[in-house]
Amino acid sequence: MNIKRIIILSIFFSSIGCFPLFDYHRVNSDFAELKNFLNEVRFSAIQDGKSYIVRFEDRQTDLYTFNNEFIRSLPISTLSQVNYNTTLGDNMIVFRPGGTNEHNTRVHGGDIRLKSWFGFSKSIAVNCTGFVSEGVYPEDN
């Protein structure tokens, strides 16, 4: 009877210890997927010579053509905050062949922030050329 309790408690405490690792993996995985998604959209806009809109709503990232035709979506469970607004609306990025600056409300671009349950966070910055990198942009002065 005591060995059974010890095994059950060991499994329980090991599971609790692994949960933060799972949470850390979640935010890193979402970061990699979203960064790749945004880079693909940027390169498609340059290569195809077309404009695309990426909209962020709740925990969902949707890709549309400039004519508002839906292409695909990407769920991002750790999406926390979008600091990217355009002349067409908030919480979206307009990728054009020449960059994003034509529709930006902030001159230099903006950022998307991811945050997990335990507070692990990552941020993706998109500048006016559409270049996607890790980090955040400072507020406009």
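Our subject in this report is the structure included herewith. (Residues numbered from 1 in each chain as written. Predicted model: local features only at pLDDT ≥ 70, side-chain atom pairs only at ≥ 80, totals over all residues. Heavy atoms only, no water.)

1. A word on the sheet that holds strand 10 (residues 132-134)
Our working definition: One bridge is not enough; two strands pair if DSSP finds at least two bridges between them. Put simply, DSSP marks the helices as runs of H or I at least four residues long and the strands as runs of E at least two long, and each gets a number from the N terminus on. A fitted line through C-alpha atoms serves as each axis, taken over the contacting stretch for helices, and the angle formed by two N-to-C directions is quoted from 0 to 180°.
Reading across from one edge, 4-8-9-10 is the order of the four strands in this open sheet, with antiparallel pairing throughout. Every interior strand has two partners, whereas the edge strands, strand 4 (79-83) and strand 10, have only one. Each strand axis lies, on average, 20° off the axis of its neighbour in the sheet, ignoring direction. Strand direction decides the pairing type here: strand 9 (residues 121-127) and strand 10, joined by three bridges, are antiparallel.

2. Some thoughts on the nonpolar core
For clarity, the cut-off: Nonpolar cores are built from buried Ala, Val, Leu, Ile, Met, Phe, Trp, Tyr and Cys residues. Side-chain atoms within 4.5 Å join them into one set. A simple rule labels every residue: compare its accessible area, found with a 1.4 Å probe on the protein chains alone, to the largest value its type can have, and call it buried under 20%, exposed over 50%, or partly exposed in between. Contacts were defined at the residue level, with two residues in contact if any of their heavy atoms lie within 4.5 Å.
Counting residues in hydrophobic clusters, the biggest one holds 23 residues, and the most contacted among them are Leu34, Leu38, Phe56, Ile112 and Val126. For this core, the secondary-structure elements that each account for two or more residues are helix 1 (2-48), strand 1 (52-57), strand 4, strand 7 (92-95), strand 8 (109-115) and strand 9. The element best represented in this core is helix 1, accounting for seven residues. Once residues within four sequence positions are removed from consideration, phenylalanine 56 is found in contact with Leu34, Leu38, Thr61, Leu79, Val82, Asn91, Met92, Ile93 and Ile112.

3. A short note on the sheet that holds strand 1
Spatial strand order, 3-2-1-7: four strands in an open sheet with antiparallel pairing. Strands with a single pairing partner mark the edges of an open sheet, and in this sheet they are strand 3 (70-75) and strand 7. Across the sheet, the mean angle separating the axes of adjacent strands is 15° when strand polarity is ignored. Across six bridges, strand 1 lies against strand 2 (residues 60-65) in antiparallel orientation. Counterpart to isoleucine 53 in the pairing with strand 2 is tyrosine 64. Here helix 1 sits on the sheet in contact with strand 1, strand 2, strand 3 and strand 7, set at roughly 160° to strand 1.

4. Examining helix 1
Spelled out, the test is: One less than the number of residues in a helix, times 1.5 Å, gives the span that helix is expected to have. Values of bend correspond, residue by residue, to the angle between axes fitted over the seven residues ending at that residue and the seven starting there.
When the terminal C-alpha atoms of helix 1 are compared, their 67 Å separation across 47 residues agrees well with the 69 Å that a helix rising 1.5 Å per residue should span. At cysteine 18, helix 1 shows its largest kink, close to 25°, and the proline proline 20 lies no more than four residues downstream. Within helix 1, the full set of buried residues consists of Asp23, Arg26, Val27, Asp30, Phe31, Leu34, Phe37, Leu38, Asn39, Val41, Arg42 and Ala45. Positioned one or two residues after helix 1, glycine 49 has a phi angle of 70°, which is positive.

5. Topic: the packing of aromatic side chains
Basically, it comes down to this: Planes of paired rings set the category: under 30 degrees apart is stacked, over 60 is edge-to-face and the rest tilted, where pairs are Phe, Tyr or Trp rings (Trp by its six-membered ring) whose centres lie within 6.5 Å. Two limits define a charge over a ring: the Lys NZ or Arg CZ must be within 6 Å of the ring centre, and within 35 degrees of the ring normal.
Counting across every chain of the model gives five aromatic pairs. Ring plane angle 5° and centroid distance 5.7 Å describe the contact between phenylalanine 19 and tryptophan 117, whose orientation is recorded as stacked. Here tryptophan 117 lies in the loop between strand 8 and strand 9 and phenylalanine 19 lies in helix 1, a separation of 98 residues in the sequence. With a relative accessible area of 36%, phenylalanine 19 lands in the partly exposed category. Note on tyrosine 64 and phenylalanine 70: the rings are 5.6 Å apart at their centroids and 70° apart in plane angle, and the pair reads as edge-to-face. The class of phenylalanine 70 is partly exposed, set by a relative accessible area of 47%. A connected cluster of aromatic rings, assembled from ring pairs, spans Phe19, Phe22, Trp117 and Phe118. The residue whose ring lies beneath arginine 26 is tryptophan 117, and the NZ or CZ to ring-centre distance is 3.7 Å.

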